[in-house]
Amino acid sequence: MHRVSFGWVFVRPLSFFRSEIRCENTGPCIHVSDASVIGRQKDRWGNYIRYYYDIKTETSSSHATQGGRYAVLSKIAYTGFGSSEIPRYVVEFRKTKGRDDATINLKGGIKELDYHVLTDIKVRYVDPNLSSPNDTVEISRYHFIYDEGTYGKQLLKKIQKF
């Protein structure tokens, strides 16, 4: 008797999540899901961009979002060089939960939540002359103001730069 292994991989455009079903003749099928995100990219000169995400499973609610997963971009650090982990610029994305036009997507066997609203973006410079890598200088900040459009959809109304 030999083992048989097969699987399907569902990849959807614009989705962070991947779903895969692995089955073997010796046991039940196993459903595997994870977040497929870009972590770090490097150019040919050694400069890099690192992406950070909030990847979580919703456990705090008792309604339809319970057990759902989300992956939301939280920060981008760029123009770091070589093996140095200290970037020169950091872009932070602030967001809130609970948008009125939230969606729950169940395609591919995963409960994927889309209920965050981008509220602010901060761009900071990491000055190498300051005493700590955590010491930064804010270059700019953006605040997003939304309005309600047709069918209750949120529309970006205004971007304020500070």
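Just so it is clear, the model here is predicted, and its values are computed rather than measured. (Residues numbered from 1 in each chain as written. Predicted model: local features only at pLDDT ≥ 70, side-chain atom pairs only at ≥ 80, totals over all residues. Heavy atoms only, no water.)

Peer 1: Looking at this structure, I do not really get the packing of aromatic side chains. What am I missing?
Peer 2: The geometry of two aromatic rings is summed up by the distance between their centres and the angle between their planes. Throughout the structure, instances matching the rule amount to three aromatic pairs. With a centroid separation of 5.3 Å and 55 degrees between ring planes, the pair formed by Tyr 89 and Tyr 125 is classed as tilted. Here Tyr 125 lies in strand S10 (residues 116-126) and Tyr 89 lies in strand S7 (residues 89-97), a separation of 36 residues in the sequence. Following the ring pairs from residue to residue traces out a cluster consisting of Tyr 78, Tyr 89 and Tyr 125. Its end group placed over the ring of Phe 162, Arg 141 keeps NZ or CZ at 4.5 Å from the ring centre. (Phe/Tyr/Trp six-rings, centres within 6.5 Å; stacked < 30°, edge-to-face > 60°. Helix = DSSP H or I, 4+ residues; strand = E, 2+ residues; numbered from the N terminus. Lys NZ or Arg CZ within 6 Å of the ring centre and 35° of its normal.)

Peer 1: What should I look at first to understand the environment of Phe 162 in this one?
Peer 2: By secondary structure assignment, the location of Phe 162 is in the segment after strand S12 (154-161). Under the relative-accessibility criterion, Phe 162 is labelled partly exposed at 49%. As a C-alpha pair, Phe 162 and Ser 140 span 22 residues in sequence and 6.1 Å in three-dimensional space. Residues contacting Phe 162, with those up to four places away along its chain left out, are Ser 140, Arg 141 and His 143. (Buried < 20%, exposed > 50% of the residue type's maximum accessible area, 1.4 Å probe, protein only. Contact = heavy atoms within 4.5 Å.)

Peer 1: Teacher, can you tell me more about the nonpolar core here?
Peer 2: The nonpolar side chains of a soluble globular protein tend to be buried, and buried together. Formed by Tyr 51, Tyr 53, Ile 76, Val 91, Phe 93, Ile 121, Val 123 and Phe 144, the largest nonpolar core amounts to eight residues. Elements with a contribution of two residues or more to this core: strand S5 (47-57), S7 and S10. Apart from residues no more than four positions distant in its own chain, Phe 93 is found in contact with Leu 73, Ser 74, Lys 75, Ile 76, Leu 118, Asp 120 and Ile 121. (Core = buried A, V, L, I, M, F, W, Y, C linked by side-chain atoms within 4.5 Å.)

Peer 1: In this structure, what is going on with the environment of Asp 120? I would like to understand it.
Peer 2: One can find Asp 120 in strand S10. Each C-alpha atom, one on Asp 120 and one on Lys 95, is 6.9 Å from the other, the two residues being 25 residues apart in sequence. Apart from the residues lying within four places of it in its own chain, the contact partners of Asp 120 are Glu 92, Phe 93, Arg 94, Tyr 142, His 143 and Phe 144. Within the structure, Asp 120 has its side chain in polar contact with the side chain of His 143 (distance 2.9 Å). (Polar contact = N/O pair within 3.5 Å; in protein donor to acceptor, adjacent residues only side chain to side chain.)

Peer 1: What should I look at first to understand the environment of Val 91 in this one?
Peer 2: Take Val 91: it is sitting in strand S7. The class of Val 91 is buried, set by a relative accessible area of 12%. Aside from chain neighbours lying at most four places away, what touches Val 91 is Ser 74, Lys 75, Ile 76, Tyr 78, Ile 121, Lys 122 and Val 123.

Peer 1: Please explain the pairing of strand S6 (residues 69-81) as it appears in this structure.
Peer 2: Looking down a regular strand, the side chains alternate between one sheet face and the other. In this sheet, S6 lies alongside S5 in antiparallel orientation, the contact comprising eleven bridges. In the sheet register, Lys 56 faces S6, and the bridge partner there is Tyr 70. Here S6 runs beside S7; their pairing, made up of four bridges, is antiparallel. Within S7, the residue paired with Ile 76 across the bridge is Val 91. (Pairing = 2+ DSSP bridges.)

Peer 1: Whenever I open this one, the confidence of the model for the chain confuses me. Can you help?
Peer 2: The predicted coordinates should not be examined in detail at positions where pLDDT is low. Averaged over every residue, the pLDDT of the chain is 76; residues scoring 70 or more account for 72%. Strand S1 (residues 5-11) is the least confidently modelled element of the chain, averaging 36 in pLDDT, while S12 averages 94, the highest of any element. Ignoring residues within four places in sequence, the model shows residues 1-33, a span with pLDDT below 50, making 68 contacts including any to other chains. (pLDDT = per-residue confidence, 0-100.)

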